[in-house]
Amino acid sequence: MEEWDPSTKSTLTRIPLLTTKAGPRDGDAWKQRLKEEYKSLIVYTQMNKSNDNDWFRISASNPEGTRWTGKCWYVHNLLKYEFDLQFDIPVTYPATAPELELPEIDGKTQKMYRGGKICLTVHFKPLWAKNCPRFGIAHALCLGLAPWLAAEIPILVDSGMIKHKDDAASSAES
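Report follows, based on the coordinates. These figures come from a predicted structure and were not determined experimentally. (Residues numbered from 1 in each chain as written. Predicted model: local features only at pLDDT ≥ 70, side-chain atom pairs only at ≥ 80, totals over all residues. Heavy atoms only, no water.)

Time to look at the overall build of the protein chain. Within the protein chain, the regular secondary structure consists of 5 helices and 5 strands. Beginning at the N terminus, the succession of helices and strands in the protein chain can be written as α-α-β-β-β-β-β-α-α-α. Taking 16 Å as the expected radius of gyration for a compact globule of 174 residues, we find that the protein chain reaches 17 Å, a close match to that expectation. Seen through its principal axes, the protein chain has C-alpha atoms that stretch 55 × 35 × 30 Å. Per-residue burial over the protein chain gives 41% buried out of 174 residues. Restricting to contacts in the protein chain with at least 6 residues of sequence separation, those with at least 24 account for 51%. As displayed, the protein chain offers around 9,600 Å² of accessible surface, 52% of which is attributable to carbon and sulfur atoms. (Helix = DSSP H or I, 4+ residues; strand = E, 2+ residues; numbered from the N terminus. Rg over C-alpha atoms; globule rule 2.2 N^0.38 Å. Buried < 20%, exposed > 50% of the residue type's maximum accessible area, 1.4 Å probe, protein only. Contact = heavy atoms within 4.5 Å. Areas by Shrake-Rupley, 256 points an atom, 1.4 Å probe, with all protein chains shown as cover.)

Okay, structure coming up:
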């Protein structure tokens, strides 16, 4: 953690760590893990809101808690760019991190795999492996998706690969 900026380090230390090492195939242990995941996500969301840094909404889209969907957004040049966010919990979770997907921008950057899965292999996956099973979904968003959005969205906007919804609407009208 010594190479992180103070803001990231402060945020990360306040996201609760998880204790239950269980995946979707582990019955009641998985239910306990899901409770810990929700607690961690709630704390992270509240922390973001209190710092005026609200940037995502997600929820489990099935009762088992293995499919998650929502929205994430990034503000660039005072314009909000919003994207669908989705991911499945791997059967080998928590040993394997979820693959976060932004399907709307699939194919628009080299730092993305087919289906809109963002590239997290070089920087995030080793960190996840080192901190398994203490890291969860909130940690994946904080240390995986947030930096990816900060690095990629400005480049995609400035290169014209992504248009703001108001720009896209006005060009469609003309």
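Here strand 1 (residues 56–60) runs beside strand 2 (residues 67–76); their pairing, made up of 5 bridges, is antiparallel. Residue I58 lies in a different strand from strand 2, and its bridge partner there is G70. As consecutive antiparallel partners, strand 1 and strand 2 are separated by 6 residues, and within that stretch G65 has a phi angle of approximately 75°, a positive value. For strand 2 and strand 3 (residues 79–88), the ladder comprises 10 bridges, and the chain directions are antiparallel. Directly across from C72, in strand 3, lies its bridge partner F83. (Pairing = 2+ DSSP bridges.)

On to unusual backbone geometry, then. The peptide bond linking Y93 to P94 adopts the cis configuration, its omega dihedral lying at 5°. In this fold, P94 is placed in the loop between strand 3 and strand 4 (112–113). Each neighbour pair has its own omega, and for C132 with P133 the value is 5°, a cis peptide bond. Position of P133 among the secondary structure elements: in the loop between helix 3 (124–130) and helix 4 (137–158). For D52, which is not glycine, the phi torsion reads 55° and is therefore positive. You can see D52 is positioned in the loop between helix 2 (28–50) and strand 1. With a relative accessible area of 74%, D52 lands in the exposed category.

Turning our eyes to something else, we now look at the side chain of H164. As for its position among the elements, H164 is in the loop between helix 4 and helix 5 (165–173). In this structure H164 comes out as buried when scored by relative accessible area, which is 5%. When sequence neighbours within four positions are dropped, the list of residues in contact with H164 reads L79, K80 and Y81.

Proteins that are soluble and globular tend to have nonpolar side chains buried together. Core analysis: the biggest nonpolar cluster contains 42 residues, and L102, L141 and L145 have the highest contact counts within it. Elements with a minimum of two residues in this core: helix 2, strand 1, strand 2, strand 3, helix 3 and helix 4. Broken down by element, the residue count for this core peaks at 12 residues, all from helix 4. Ignoring anything within four residues of it in the chain, the contact list for L145 reads W55, C72, L85, L100, L102, I118 and A140. (Core = buried A, V, L, I, M, F, W, Y, C linked by side-chain atoms within 4.5 Å.)

What follows deals with the pattern of salt bridges. This structure, assessed with the given rule, holds 8 salt bridges. Two residues, D84 and K71, come together in a salt bridge whose shortest N-O distance is 2.5 Å. With a gap of 13 residues between them, D84 in strand 3 and K71 in strand 2 connect regions that are remote in the sequence. The class of D84 is partly exposed, set by a relative accessible area of 30%. Across the pair E99 and K117 runs a salt bridge whose closest N-O atoms are separated by 3.3 Å. Taken together, the residues span a long stretch of sequence, with E99 in the loop between strand 3 and strand 4 and K117 in strand 5 (residues 117–118) at a distance of 18 residues. (Salt bridge = Lys/Arg side-chain N within 4 Å of Asp/Glu carboxyl O.)

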